[in-house]
Amino acid sequence: QLRLLESGGGSVQAGGSLRLSCSRSEFIANNWVMGWFHQPPGAVREAVAAIGIGGNPRGYGPSYTDSVKGRFTISEDSNTVYLQMNDLKPEDTGVYYCAADPSYLQLWVEERPAYWGQGTQVTVSS
């Protein structure tokens, strides 16, 4: 089955940058969507970014939640999805999970992707 492996988390000062990576264990079709979810301490997970594999699904561009627009960038190549995080803020602290789903609706709108990675910790100090 599909496995997602995250890396790149760590501790940084506010204003710093990190790049998260998520590698896939096997091929997925071009209409699949991958994304990143953020779970702050004591809060539920929320989708922060999503991208279509091999192209934007149904014409949708990369998606971002308002709190990360202009700071985070999601991208992907043949095997890996990335989340470049710039100008990090203390409120960005938490666990970041890679996710995948055949449906943009299910991953981004309903926020219940079929596949999850194990998560990687990001800590941003004031």
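Note on numbering: residues in each chain are counted from 1, in written sequence order. Confidence filtering applies because this is a predicted model: local features only for residues at pLDDT of at least 70, side-chain atom pairs given and counted only at 80 or more, and all residues used for totals across whole chains, interfaces and linings. Note that water and hydrogens are dropped before the side-chain values are worked out from all heavy atoms of the structure.

(A) Summary view of the overall build of the protein chain. Helix and strand labels come from DSSP, where a helix needs a run of H or I of at least four residues and a strand needs a run of E of at least two; each type is numbered from the N terminus. On a plain count of helices and strands, the protein chain comes out with one helix and eleven strands. Put simply, the protein chain runs from its N terminus to its C terminus through helices and strands in the order β-β-β-β-β-β-β-β-β-α-β-β. In terms of C-alpha radius of gyration, the protein chain reaches 13 Å, essentially the compact-globule figure of 14 Å for 126 residues. Viewed in the frame of its principal axes, the protein chain has a C-alpha envelope of about 40 × 25 × 25 Å. When each of the 126 residues of the protein chain is scored for burial, the buried share is 44%. Between two residues, a contact is recorded if the distance between any of their heavy atoms is within 4.5 Å. A sequence separation of at least 24 residues applies to 61% of the contacts in the protein chain between residues at least 6 apart. Here, Shrake-Rupley sampling with a 1.4 Å probe gives the accessible areas, and only protein chains in the shown set may cover a residue. Element-wise, carbon and sulfur atoms account for 46% of the exposed surface of the protein chain, whose accessible area totals about 6200 Å². The average position of the 9 basic charges and that of the 12 acidic charges among the side chains of the protein chain differ by 2 Å. Only C-alpha atoms enter the radius of gyration; for comparison, a globular chain is expected to reach 2.2 Å times N to the power 0.38, where N is the number of residues. Relative accessibility decides the category of a residue: with a 1.4 Å probe and only protein chains considered, values under 20% of the type maximum give buried, values over 50% give exposed, and everything between is partly exposed. Under the convention used here, Asp and Glu are negative, Lys and Arg are positive, and both His and the chain ends fall outside the count. For this purpose, a charge sits on NZ of Lys, CZ of Arg, CG of Asp or CD of Glu.

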